[in-house]
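Structural characterization, general
If you want the building blocks of each chain, they are given just below.
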Amino acid sequence: KSKAREVRKVVTMEGRKFEDFSIQQTEDGKKTKVSKIAGKGKPVVILIYSSEFPDAVNACQALEDKAKANDHVRCILLNVVESQRETSKFLVDNAIEYCESYQGKISKIPSKYGFQEGRYPYHIVISEEGEVLVSSCDTTCDAFFDQIM
């Protein structure tokens, strides 16, 4: 007898001030908090992905293209694969260089965002004032870039 996987209902962060969590820069390994980035006068788009998943290249390239065309938006790629070397290789192999790159532990992302391991890509969009506009795996770059234009 198999049990159906139960999906937890969570209160999403949309419409609320973002909740802080730590991330690590790919380039130099330095840790920072989202509070050092978000709510500082520029919208922030965080794409949470795993370089081990097949759609990672397409999702990251879509954000890379949007970042190049929208310098008033801070675009961040957050790889849940914790290897700095693996993240760097993924970015170089796929010519992704405009977005800021970080990696981080899945456990560090507050559950209130609704993020669930294995559901990639996942987007968190934070307004220039620090309000969460989008927190979802059911979004595309075009959908949320329209909200922050």
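Look up: the structure comes first, before these words.
Residues numbered from 1 in each chain as written. Predicted model: local features only at pLDDT ≥ 70, side-chain atom pairs only at ≥ 80, totals over all residues. Heavy atoms only, no water.

Overview of the packing of aromatic side chains
- If you walk through the whole model with that rule in mind, you get 4 aromatic pairs.
- A ring pair is formed by Phe115 and Tyr122, whose centres lie 5.4 Å apart and whose planes are at 85°; its orientation type is edge-to-face.
- The exposure class assigned to Phe115 is buried, which follows from its relative accessible area of 9%.
- Under the relative-accessibility criterion, Tyr122 is labelled buried at 3%.
- Three or more aromatic residues link up through ring pairs in this structure, and these residues are Phe53, Phe115, Tyr120 and Tyr122. (Phe/Tyr/Trp six-rings, centres within 6.5 Å; stacked < 30°, edge-to-face > 60°. Buried < 20%, exposed > 50% of the residue type's maximum accessible area, 1.4 Å probe, protein only.)

A closer look at the pattern of salt bridges
- Per the stated rule, a full pass over the model turns up 2 salt bridges.
- Ionic pairing is found between Glu100 and Arg74, a salt bridge with its closest N-O pair at 2.6 Å. Residue Glu100 is found in strand 5 (residues 100-103), and its partner Arg74 is found in strand 4 (residues 74-79); the two are separated by 26 residues along the sequence.
- By relative accessible area, which is 24% here, Glu100 ends up partly exposed.
- Looking at Arg74, the relative accessible area reads 27%, which means it is partly exposed. (Salt bridge = Lys/Arg side-chain N within 4 Å of Asp/Glu carboxyl O. Helix = DSSP H or I, 4+ residues; strand = E, 2+ residues; numbered from the N terminus.)

Some thoughts on the side chain of Asn79
- Along the chain, Asn79 turns up in strand 4.
- Classification of Asn79 as buried rests on a relative accessible area of 0%.
- Polar contacts involving the side chain of Asn79 include one to the side chain of Ser51, which spans 3.1 Å.
- Within the local environment of Asn79, its side chain forms a polar contact with the backbone nitrogen of Val81, the two atoms lying 3.1 Å apart.
- When near neighbours in sequence (up to four residues on either side) are disregarded, Asn79 contacts Tyr49, Ser50, Ser51, Thr87, Tyr102, Gln103 and Gly104. (Polar contact = N/O pair within 3.5 Å; in protein donor to acceptor, adjacent residues only side chain to side chain. Contact = heavy atoms within 4.5 Å.)

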